[in-house]
Amino acid sequence: MTNIASVRPHAPGPAGRPLLGSMLDLRRDSLGTFLQARREHGEVVRLQAGPPGLRSVFHAVFAPQGVQQVLASEAANFRKDHPLYEEVRQSFGNGLLTSQDSDYLRQRRLVQPLFTKRRVDGYATAVTSEADAVAARWRTADGGVVDLVREMNRLALCTVSRILFGTDAEAAVDAIDRCAPVINAYVVGRAYVPVKLPREWPTPGNRRARAATDELNALCDRIIAERRAAAGAPAEAGDDLLSLLTQAANDADGSLDATEIREQVLIFLLAGHETTATSLAFTLHLLARHPEEQRRVREEADRVLGDRAATAADLDRLPHLTQALKESMRLYPAAPVISRRAVEATEIGGFAIPAGADVVVAPWVTHRDPGLWEDPERFDPRRFTPEREAARHRYAWFPFGGGPRACIGQHFSMLESVLALATLLRSYELEAVDQEVPVAAGITLQATGPARVRLHPRTS
């Protein structure tokens, strides 16, 4: 590790309030607070939050070089020991998102074959079928207006549930839609308070979260038991992702037990629908606000697809739509802040990072850096032409994280998003009703207001 004696002892940062530091600012608007910290204090910022004696100190890293250090080149030194991950682990289990060390490596080896390009491409029909169902339902939308936040959350949830659960998807959707927001709010609320009440205490919040968790666990356990029974009768085994998880095994790592399968399923549900829903909703909303860009991607979809359904082979044939999606993910990254904890002391950008320090990298901020992105608040899909992508630092844009813990489902997310967007945009022209959509950072980026559009069905 770098000798930190020769670097500055502390990164600069806001003084905050005398008693609480930056705690109230972070709780009120963490994303805005990080943006302001970057503008006023630079590429590595030290923030303090909480009352004396309970104050937490953490470092926010914004430059691509520092992001690469945290996520990739020194990834072994930056672990998922942050309080947010511990709360996710307590609520959703020790799946790929939260597991570490030998547990993570074993799980990754067992699960990786389920996310090969060939396997993921096989889910294209499920994606377009669910998107077609949404397009058909929109024909009866009240006043021709829909809220994209709600609609895309439901579309992504139905899609991932169908791929995970197969014929059991319908029963799963309602339970997940009802329970996941309760658990998410509980996790975030606990992660960022200086004093946590024990989960076992019968407070109203604990009881609501426990009931939601128990319902999801019972649902998954029932379906898993059915799949494991079917795995012993090959003629009855399905090809949904859950069936494949029950069959995942190799000589070195064995197989996943029922608890491990449930934990993977819950993480896939969390990461596989909220993140994609965010990308879908904001891409459609931005295109609704920019009619020329909407026309450009629709003409491309018409030219490539004609009257047929989109397939996995079309992913590379829709570059303008892919560029619009990537630009949306720049402005509205589904994981706006990524947290780690340093194992040993090191330095980033010339500043000391002590052992045990909490460290965050923030796509929300790096994606808006005017030194990396000209006029960064402007929606401009042409930023993602192959030439301009190649000219940028690898970690100027990192909506899927990076390094050895990069999102295992990023090809699936891109495939689902592009095919669903193409399907919907062929059927409707969208006109923005809400010009701005307020957001906040939760486990994923959360829209705190509607993203309504007026639908104009296309006749040809």
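These remarks concern the structure in this document. (Residues numbered from 1 in each chain as written. Predicted model: local features only at pLDDT ≥ 70, side-chain atom pairs only at ≥ 80, totals over all residues. Heavy atoms only, no water.)

Attention shifts here to the pairing of strand S11 (residues 428-432). Of the two faces of S11, the one holding Tyr 428, Leu 430 and Ala 432 is buried and the one holding Glu 429 and Glu 431 is not buried anywhere. Pairing of S11 with strand S14 (residues 452-457) involves five bridges; the strand directions are antiparallel. Counterpart to Glu 431 in the pairing with S14 is Arg 454. (Buried < 20%, exposed > 50% of the residue type's maximum accessible area, 1.4 Å probe, protein only. Helix = DSSP H or I, 4+ residues; strand = E, 2+ residues; numbered from the N terminus. Pairing = 2+ DSSP bridges.)

In this structure, Phe 34, Phe 92, Trp 138, Phe 165 and Val 265 are the most contacted members of the largest nonpolar core, which totals 120 residues. Among the elements that line this core, the one with the most residues is helix H11 (residues 258-289), at 14 residues. The contact partners of Phe 165, leaving out residues within four places of it in the chain, are Ala 172, Ile 176, Cys 220, Ile 223, Arg 227, Asp 240, Leu 242, Val 265 and Leu 269. Formed by 18 residues, the second largest nonpolar core is a distinct cluster that contains Val 70, Ala 342, Phe 351 and Ile 353. (Core = buried A, V, L, I, M, F, W, Y, C linked by side-chain atoms within 4.5 Å. Contact = heavy atoms within 4.5 Å.)

Okay, the sheet that holds S14 next. The three strands are arranged S4-S14-S11 in an open sheet whose pairing can be described as antiparallel. Whereas interior strands pair on both sides, the edge strands pair on one side only; in this sheet they are strand S4 (145-147) and S11. Ignoring strand direction, the axes of neighbouring strands in this sheet form an average angle of 40°. The sheet contact formed by S4 and S14 spans three bridges and is antiparallel. The partner of Val 145 across the bridge, within S14, is Arg 454. The strands touched by helix H16 (residues 410-427) within the sheet are S11 and S14, with S11 carrying the most contacts at an inclination of about 90°. (Axes fitted to C-alpha atoms, helices over the stretch in contact; angles between N-to-C directions.)

A separate point is the packing of H11 against helix H13 (residues 319-331). In the contact formed by H11 and H13, the axes pass within 9 Å of each other and the chain directions differ by 105°. The orientation of H11 with respect to H13, classified from their angle, is roughly perpendicular. Along its contact with H11, which presents Ser 279, Phe 282, Thr 283, Leu 286 and Leu 287, the element H13 presents Ala 324, Leu 325, Ser 328, Met 329 and Leu 331. Of the residues contributing to the contact of H11 with H13, the split by class is seven nonpolar, three polar and no charged. (Parallel < 35°, antiparallel > 145°, perpendicular 65-115°, else oblique. Nonpolar A, V, L, I, M, F, W, Y, C, P; charged D, E, K, R; others polar.)

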